Amino acid sequence: MNKQIYMDYSATTPVLKEVIEEMLPYFNTYYGNPSSVYSFSMESKMAIDKSRNTIAKIFNCKEEEIFFTSGGTESDNWALVGSAMANKDKGKHIITTEIEHHAILETADYLKREGFEITYLPVDSEGRISLEQLKKYIRKDTILVSIMTANNEIGTIEPISEIGEFLKDKGILFHTDAVQAVGHIKLDLNKMNVDLMSISAHKFYGPKGIGVLYIRKGTKINNLIFGGQQQRGRRSGTENVPGIVGIAKALEILNADLETEIERQEKLRNLFIKEALKINGVKLNGPSNEKRLSNNINLCFNGKDGEGLLVRLDMEGICASAGSACSAGAIEPSHVLRAIGLLEDEAKSSIRFTIGKFTTEEDVIYTIKKLYEILK
Ligand SMILES: *Cc1c(COP(=O)(O)O)cnc(C)c1O
């Protein structure tokens, strides 16, 4: 059997044992419906309240500003559709960026079909947006700006606090997709000046299918999901109690050694990049080390077919991700790599490696060695 080396932590992460253990009782011991009135269901209700309290403390916000969703995609959909619908009498102009996740881009597309006007902010060669450019795009009828905290493909960190500071008294809502930032940047909602923020547990060692939308108190936003009036009538549907317990536990564990783990991953990332760039023809996509997520390495293997490389890496037990996506049967170059100026062929030659909690120096060295062998 080959070694298995997981270098795709930005796609998803394993659930920590401690997280699973914390969740387990809520499947079959305390399984009561949190909305029921008898005391048995109090355990489930209390678990939700406790989790919400933990999360609010970590992000420095109020408990009543935390809403549980089915993940990053739902949070992004709710943020965009909910605020567009609630503010459409004020205006129909929305600003986002060219490098957002599909959960934002496809939702923006839907809103466009519904009569909203979308402006896509361009990015520089490192994937960064400019506040000056944003200022030029703001109009009287702009109701919402949505800019990701960090990019999932090339790891660019956007200047969220500066944008938030600028937008805060303009009467324009500000949403950030922070799904990739959790665990790599300290997120303090008091400093970020955002009205809405999306996160997703499976990107930080929690379970799949649970996320949070932070909604600042007083934000004008419509509901997306209708039903039994759970979560104070804002997000209906019986709460995913084990998931909620899991996301809070995962955040708590992450937060306990955030700085040291970021530093550890940065060292491994820097080693990976330094060694990879010694290979003939290899280039780094995206920003230089300081403005990049601590776990992201995106490389262009000029002229080589990325998909083919991925298959060869897979044969060596290495899991990574391509700079292209299969959509409707055709291989499309990544919109993010295209936005930072890569040619179609360069994008198709690119591979993303993302490291995480369980990545060791040995894993990095092994991967580099295999890259040399494959490219020879
Ligand atoms: C993974 C991801 C999402 C989607 O989250 P899910 O929980 O998988 O729906 C949204 N935005 C970004 C930046 C992501 O990386």
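Just so it is clear, the structure is predicted and the values come from calculations on it, not from any experiment. (Residues numbered from 1 in each chain as written. Predicted model: local features only at pLDDT ≥ 70, side-chain atom pairs only at ≥ 80, totals over all residues. Heavy atoms only, no water.)

## Some details on the overall build of the protein chain
Here is the rule we go by: Helix and strand assignments follow DSSP, with helices taken as H or I runs no shorter than four residues and strands as E runs no shorter than two, numbered in order from the N terminus. With C-alpha atoms as the basis for the radius of gyration, the globule rule is written as 2.2 Å multiplied by the number of residues raised to the power 0.38. Burial classes follow relative accessibility: with a 1.4 Å probe on protein chains only, a residue under 20% of its type's maximum area counts as buried, one over 50% as exposed, and anything between as partly exposed. A contact between two residues is defined here by any heavy atoms of the two lying within 4.5 Å.
Scanning the protein chain for helices and strands turns up 14 helices and 15 strands. Here the C-alpha radius of gyration of the protein chain, 21 Å, is about what a compact globule of 376 residues would show, namely 21 Å. Along the first, second and third principal axes, the C-alpha set of the protein chain runs to 65 × 55 × 40 Å. Residue burial in the protein chain is summarised as follows: out of 376 residues, 56% are buried. A separation threshold of at least 6 residues defines the contact pool for the protein chain, and within that pool the share at least 24 residues apart is 73%.

## Describing the packing of helix 11 (residues 306-315) against helix 14 (residues 361-375)
What counts here: To get an axis, a line is fitted to the C-alpha atoms, and for a helix only the part in contact is used. The angle between two axes follows their N-to-C directions and goes from 0 to 180 degrees. When an angle is under 35 degrees it counts as roughly parallel; over 145 it counts as roughly antiparallel; between 65 and 115 it counts as roughly perpendicular; any other value is oblique. When the near helix sits turned anticlockwise from the far one by under a right angle, the crossing is termed left-handed; a clockwise turn instead gives a right-handed crossing. The classification used treats Ala, Val, Leu, Ile, Met, Phe, Trp, Tyr, Cys and Pro as nonpolar, Asp, Glu, Lys and Arg as charged, and all other residues, Gly among them, as polar.
Running from N to C, helix 11 and helix 14 cross one another at 125 degrees; their axes reach a closest spacing of 10 Å. Compared by their axis directions, helix 11 and helix 14 come out oblique. The two elements helix 11 and helix 14 cross, and the hand of that crossing is right-handed. In contact with Leu309, Arg312 and Leu313 of helix 11, helix 14 contributes Leu371, Ile374 and Leu375. Its residues assigned to classes, the contact of helix 11 with helix 14 comprises five nonpolar, no polar and one charged.

## Considering the domain arrangement of the protein chain
Just so we agree on the cut-off: The domain boundaries here were taken from an automatic or database domain assignment. The term buried area denotes the loss of accessible surface (1.4 Å probe radius) that occurs when two parts are joined, taken as the sum for both partners. Only one rule defines a salt bridge in this text: a Lys or Arg side-chain nitrogen within 4 Å of an Asp or Glu carboxyl oxygen. Any N or O atom pair separated by 3.5 Å or less is treated as a polar contact, with the protein-specific requirement of one donor-capable and one acceptor-capable atom, and with residues adjacent in sequence counted only for side-chain atom pairs.
Splitting the protein chain by domain gives domain 1 (5-14 + 257-375) and domain 2 (60-232). For domain 1 versus domain 2, the separation of C-alpha centres amounts to 26 Å. Tallying the contact residues gives 31 residues for domain 1 and 31 residues for domain 2. Across the domain 1 to domain 2 interface the summed buried area is about 2,500 Å²; carbon plus sulfur atoms make up 53%. Summed over the three residues of domain 1 that lose the most area to domain 2, namely Leu293, His335 and Val336, the buried surface amounts to 24% of that side. Seen at the junction of domain 1 and domain 2, the total is zero salt bridges. Our enumeration of links across domain 1 and domain 2 arrives at 15 residue pairs in polar contact (both at pLDDT 80 or more). Within the residue set of the side of domain 1 that touches domain 2, elements represented by two or more residues are helix 10 (258-276), strand 10 (296-301) and helix 12 (335-339).

## A closer look at the pattern of salt bridges
Pairs can form between side chains of opposite charge whenever their charged atoms are close. Under the definition given, this model contains 21 salt bridges. The partner of Glu64 in a salt bridge is Lys217, with the nearest N and O atoms 4.0 Å apart. With Glu64 in the loop between helix 3 (42-59) and strand 2 (66-69) and Lys217 in the loop between strand 8 (211-215) and helix 9 (241-256), the pair connects residues that are 153 residues apart, well separated along the chain. Here Glu64 falls in the partly exposed class, since its relative accessible area comes to 32%. The shortest N-O distance in the salt bridge between Glu316 and Lys370 comes to 3.5 Å. Of the two residues, Glu316 is situated in the loop between helix 11 and strand 11 (318-319) and Lys370 in helix 14; the sequence distance between them amounts to 54 residues. Assessed through its relative accessible area of 18%, Glu316 is described here as buried. Residue class for Lys370 comes out buried when judged on its relative accessible area of 11%. Members of the salt-bridge network, linked through shared partners, are Glu316, Lys369, Lys370 and Glu373.

## Here's the deal with helix 9
To keep things clear, this is the line we draw: To estimate the expected span of a helix, count its residues, drop one, and scale the result by 1.5 Å.
Compared with the 22 Å implied by 1.5 Å per residue over 16 residues, the 23 Å span of helix 9 between its first and last C-alpha is a close match. Counting buried positions along helix 9 yields 13 of 16 residues, so the element is predominantly enclosed. By the N-cap criterion, in which a side-chain oxygen at the helix start approaches the backbone nitrogen of a residue two or three places on, helix 9 is capped by Asn240, the distance to Gly243 being 2.9 Å.

## Regarding the sheet that holds strand 10
Definition in use: Here, any two strands with at least 2 DSSP bridges between them count as paired.
Read across the sheet, four strands follow the order 9-10-15-12 without closing on themselves; strand pairing throughout is antiparallel. The two strands at the open ends of the sheet, each matched to only one other strand, are strand 9 (282-284) and strand 12 (321-322). The sheet contact formed by strand 10 and strand 15 (residues 350-354) spans five bridges and is antiparallel. Bridge pairing in strand 15 links Cys300 to Ser350. The strands touched by helix 10 within the sheet are strand 9, strand 10 and strand 15, with strand 10 carrying the most contacts at an inclination of about 10 degrees.

## Notes on unusual backbone geometry
Trans peptide bonds make up most of the peptide bonds, and negative phi angles are found at most residues other than glycine. The residue Asn193 is not glycine, and still its phi comes out positive at about 55 degrees. Checked against the element boundaries, Asn193 lands in the loop between helix 8 (189-192) and strand 7 (196-200). On the basis of relative accessibility, which here comes to 16%, the residue Asn193 falls in the buried class. Look at Tyr205: it is not a glycine, yet its phi comes out positive at around 70 degrees. Along the chain, Tyr205 turns up in the loop between strand 7 and strand 8. Owing to a relative accessible area of 7%, Tyr205 belongs among the buried residues under this scheme.

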